[in-house]
Amino acid sequence: MNDVEINGRIWMGRLRSLDTCPNRPSWHFRHSVCVLAFNSKLYGFLNLKKKKFLDLQKKKKKKTKDMALCFRNIKRHMCMLMRQNFAKSCESKLNDQINMELKACHQYLAMAYHFDRSDISSPGLHRFFLQSSMEEREHAEKIMKYMNKRGGLIVLSSVPEPLPCFASSLDALKQALKMELEVNQHLLDLHTLAGEESDPNLCDFIEANFLQEQVDGQKILADYICQLEKAQSDVGDYLFDKYMGVGMHANK
Ligand SMILES: [Fe+2]
Ligand SMILES: [Fe+2]
């Protein structure tokens, strides 16, 4: 077994029959080349098959997805069958209202746990804001239930980041009142829209469940703000009023 040079390459002892005639590659050499060529073709063929298989799998997955979407649309259509006198504009505005309620819920939660901090420690405000947060969530859920009853589609958006810190209790209460006024304005706009779209059911839903509660909540916040301002500016006046509430002639 000698080393052989073919076209500048040294073939070491593999080509047994080349020792007599190095310029003519033997059967072994030609066979090896053929095997290599066959192997490369085979690999190419297998790769092609693999690619085709993966493409087919992808297509199958897409088909399944399309089918699921189709079924969902059919279900949605069934849901739309019971939809009556519910305008798209009202549906969209109701979705905005849901998202506003959830935003308020998030903001009240941030406020509640701001006043629970050990360096602030206002358990009364913590309780008040926590209760408010739960109420806002209930409002959002109430509207969501109503949407489903009317055959609407609930679309939730991402909730914006709430304000994390407040300079004082007064600052937080003013922020809360500002937020409630915005929510109330949106409810009033929704009520006007429902009237324009001749949707008495939606008008009734808003009136029965939200409008009065909003006004009551705003009055409570305005009272707290006023009392706090009075306590800061004129303690005597504030204490006199407190005394009137529980002391002399309180029952009159
Ligand atoms: Fe609310
Ligand atoms: Fe509220």
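Every value quoted in this text rests on a predicted model; they were computed, and no experiment measured them.

Engineer: Help me out: how do you make sense of the overall build of the chain in this one?
Structural biologist: A tally of helices and strands in the chain yields 6 helices and 2 strands. Out of the 252 residues belonging to the chain, those deemed buried represent 18%.

Engineer: Looking at this model, I keep getting lost on the UniProt feature "binding site: Fe cation" (unreviewed entry) in the chain. Mind explaining?
Structural biologist: The sites that carry the UniProt feature "binding site: Fe cation" (unreviewed entry) are, in the present numbering, Glu101, Glu136, His139, Glu180 and Gln214. For the residues just named, distributed over 114 residues, the greatest C-alpha separation is only 12.8 Å, placing them together at one site. Its place among the elements puts Gln214 in helix H5 (residues 200-233). Ignoring sequence-local partners within four residues, the contact set of Gln214 consists of Glu180, Val183, Asn184 and Leu187.

Engineer: Can you walk me through the packing of helix H4 (residues 169-196) against H5 in this structure?
Structural biologist: Each pair of packed helices gets described by two things: the angle between the helix axes and the distance between those axes. Taken N-terminus to C-terminus, the directions of H4 and H5 make an angle of 160°; their axes are 9 Å apart at the nearest point. The orientation of H4 with respect to H5, classified from their angle, is roughly antiparallel. Like other packed secondary-structure pairs, H4 and H5 cross with a definite hand, here left-handed. Grouping the constituent residues of the contact of H4 with H5 by class yields 19 nonpolar, 7 polar and 3 charged.

Engineer: Could you clarify how one ought to interpret the nonpolar core in this entry?
Structural biologist: Proteins that are soluble and globular tend to have nonpolar side chains buried together. Ranked by size, the top nonpolar core spans 31 residues in total, and within it Leu94, Ala104, Tyr108, Met111, Phe129, Ala176 and Ile206 carry the most contacts. Those elements giving two or more residues to this core turn out to be helix H2 (88-114), helix H3 (123-150), H4 and H5. Sort the elements by how many residues they give to this core and H2 lands first, with 10 residues. With sequence-adjacent residues up to four places away left out, Leu94 is seen in contact with Ile143, Met147, Gly152 and Leu190.

Engineer: Teacher, can you tell me more about H3 here?
Structural biologist: With 28 residues, H3 should reach 40 Å at 1.5 Å per residue; the first-to-last C-alpha distance of 41 Å fits that figure. Burial in H3 covers these residues: Leu125, Phe128, Phe129, Ser132, Ser133, Glu136, His139, Ala140, Ile143 and Met147. Elements that come into contact with the buried residues of H3 comprise H2 and H4. After H3 finishes, the residue Gly151 shows a positive phi value of roughly 85°.

Conventions and cut-offs
Residues numbered from 1 in each chain as written. Chains lettered and ligands numbered in written order. Predicted model: local features only at pLDDT ≥ 70, side-chain atom pairs only at ≥ 80, totals over all residues. Helix = DSSP H or I, 4+ residues; strand = E, 2+ residues; numbered from the N terminus. Buried ≥ 20, exposed ≤ 12 C-beta atoms within 10 Å, placed from the backbone. UniProt positions renumbered as here; feature names shortened; annotations may be inferred. Contact = placed C-beta atoms within 7 Å. Axes fitted to C-alpha atoms, helices over the stretch in contact; angles between N-to-C directions. Parallel < 35°, antiparallel > 145°, perpendicular 65-115°, else oblique. Left-handed = near helix turned anticlockwise from the far one by under 90°. Nonpolar A, V, L, I, M, F, W, Y, C, P; charged D, E, K, R; others polar. Core = buried A, V, L, I, M, F, W, Y, C linked by C-beta atoms within 7 Å. Expected span 1.5 Å × (residues − 1).

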